[in-house]
Amino acid sequence: MSPLRLDRLLSESGWGSRTDVRDLVRSGRVTQDGVPIRDPSRKVPETDWDRLAVDGHPLKVRRSIHLMLHKPAGIVTAMEDARLPCLLPLVPAPLRTRGLSPAGRLDRDTTGLLLLTNDGLLLHRLTSPAWHVDKVYEVSVVPDTAFGQDEIDRFDRGLILDDGTSCRPALLVPMGPGLARVTLREGRFHQVKRMMAAIGRTVAALHRTAMGPLALDPALSPGGVRELTQGEIAALYASAGLPAPQGIGEAAGVGDAAGSGVGDGNSVGI
Ligand code: URA
């Protein structure tokens, strides 16, 4: 890996915005082998990272962050939005400057599993149309009559949407009158709603329970967020055809400030 600028390394490791960390460096609190480095633009090779310290404490470098969020209804899938409730306030404060983005979109009224990551390559892979990893939804529809075999078969063959788009085969498993579990291998705009419309149903509620190897943690209530475990990260990278990053699962260098202090107190393990 090529050397990283010190300010970027510190910022990605949880020490604040680029402006914050530049001040930190210029104040002499960041050292290499005990000697202050006062140049925030200094390029630091990875082999030197374990020689860095902040206020005398070894720098815990962590470059990538991956969060599992239980998206509540009413929130748009955007980190920031001028008018509507968005994702950033749900992210623990120390991680808000870490360049996180959602991997894919859920509609404003859809709830459930949303992955946030700051690994651009992972994000690209996960959101690329070529990424055919299962996404599982629980759907409630009207009319709330039992799903028939013909509807299951139509999902299985691949539905044609209102605009003529052909969907890949999808799995529809009836869970009760008007209730189903739907598994998709692609992620088109409003796809579940449009597929249901194609069979004459209207989605009343939509909840994503899984995406690739990730299952929504039942300990997360709506608005809750936690970091992925090492096992989840490894499985996610493998599913995206990428090697797992080094140092997965290390604690961020955010000290006591690592608690979220936000939302409903439902942030787990951050
Ligand atoms: N399909 C939809 O229609 N909406 C979502 O939010 C996700 C999948």
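Quick caveat: nothing in here was measured; it's all calculated off a predicted structure.

Glancing now at the overall build of the chain. Broken down by element type, the chain carries 6 helices and 15 strands. Among the 270 residues that make up the chain, the fraction classed as buried is 34%. Here the analysis covers contacts within the chain between residues at least 6 apart in sequence; of these, 64% occur between residues at least 24 apart.

Let us now look at the site of the ligand. Close to the ligand lie Leu-106, Asp-107, Thr-110, His-190, Gln-191, Val-192, Lys-193 and Leu-206, which account for all nearby residues. Looking at the shell around the ligand, the element that brings in the most residues is helix H5 (residues 191-198), giving 3 residues. Domain assignment of the residues forming the shell around the ligand places at least three in each of domain 2 (63-129 + 225-264) and domain 3 (134-211).

The subject of this paragraph is the sheet that holds strand E3 (residues 35-36). In space, the 4 strands of this open sheet follow the order E3-E2-E5-E6, with antiparallel pairing throughout. Strand pairing shows two members of the sheet lacking a second neighbour, E3 and strand E6 (57-58), which therefore form its edges. Sheet analysis places strand E2 (residues 30-32) next to strand E5 (residues 52-54), joined by 3 bridges and oriented antiparallel. Residue pairing for E5: Val-30 is matched across the bridge by Val-54.

In terms of nonpolar packing, the biggest core is built from 27 residues, with Leu-67, Met-68, Leu-69, Val-91, Leu-115 and Leu-116 touching the most fellow members. With 4 residues, the top contributor of residues to this core is strand E9 (residues 111-117). Other than its neighbours up to four places away in sequence, Val-91 contacts Leu-67, Arg-96, Leu-100, Leu-116 and Val-225. In terms of nonpolar packing, the next biggest core, distinct from the first, is built from 18 residues, Leu-159, Ala-180, Leu-184 and Val-203 among them.

Our focus in this paragraph is the confidence of the model for the chain. Per-residue confidence for the chain gives a mean pLDDT of 87, with 89% of residues at or over 70. Note on residues 247-266: pLDDT is under 50 here. Beyond four places in sequence and across chains, it has 43 contacts.

Another point: the pairing of strand E12 (residues 179-184). Side-chain direction in a regular strand flips from residue to residue, so the side chains alternate between the two faces of the sheet. By the alternation rule, side chains of E12 split into Ala-180, Val-182 and Leu-184, which are all buried, and Leu-179, Arg-181 and Thr-183, of which none is buried. Bridging between strand E10 (residues 135-142) and E12 involves 6 bridges; their strand directions are antiparallel. Bridge pairing links Glu-138 to Arg-181 in E12. Between strand E11 (residues 171-176) and E12, which follow one another and run antiparallel, lie 2 residues, and Gly-178 among them has a positive phi close to 70°.

Moving on to unusual backbone geometry. Most peptide bonds adopt trans geometry, and most residues besides glycine take a negative phi value. In this chain, Val-142 is followed by Pro-143 through a cis amide linkage whose omega measures -5°. With respect to the helices and strands, Pro-143 occurs in the loop between E10 and helix H4 (149-157). Look at Asp-55: it is not a glycine, yet its phi comes out positive at around 55°. With respect to the element layout, Asp-55 can be found in the loop between E5 and E6. Phi is positive for His-190, close to 50°, though the residue is something other than glycine.

Turning our attention to the environment of Gly-178. In this fold, Gly-178 is placed in the loop between E11 and E12. Residues Gly-178 and Val-141, 37 residues apart in the sequence, show an inter-C-alpha distance of 5.1 Å. Apart from residues lying up to four places away in sequence, Gly-178 is in contact with Ser-140, Val-141, Val-142, Pro-143, Asp-144 and Thr-145.

What follows covers H5. The set of residues buried in H5 consists of Val-192, Met-195 and Met-196. Taken end-on, H5 shows its buried residues confined to a sector of 100°, consistent with a single buried face. The secondary structure elements touched by the buried residues of H5 are E10, H4, E12 and strand E13 (202-211). Two residues or fewer after H5 comes Gly-200, characterised by a positive phi angle close to 85°.

Reading guide: rules and limits
Residues numbered from 1 in each chain as written. Predicted model: local features only at pLDDT ≥ 70, side-chain atom pairs only at ≥ 80, totals over all residues. Helix = DSSP H or I, 4+ residues; strand = E, 2+ residues; numbered from the N terminus. Buried ≥ 20, exposed ≤ 12 C-beta atoms within 10 Å, placed from the backbone. Contact = placed C-beta atoms within 7 Å. Near = placed C-beta within 6 Å. Domains from an automatic or database assignment. Pairing = 2+ DSSP bridges. Core = buried A, V, L, I, M, F, W, Y, C linked by C-beta atoms within 7 Å. pLDDT = per-residue confidence, 0-100. Arc of directions from axis to C-beta.

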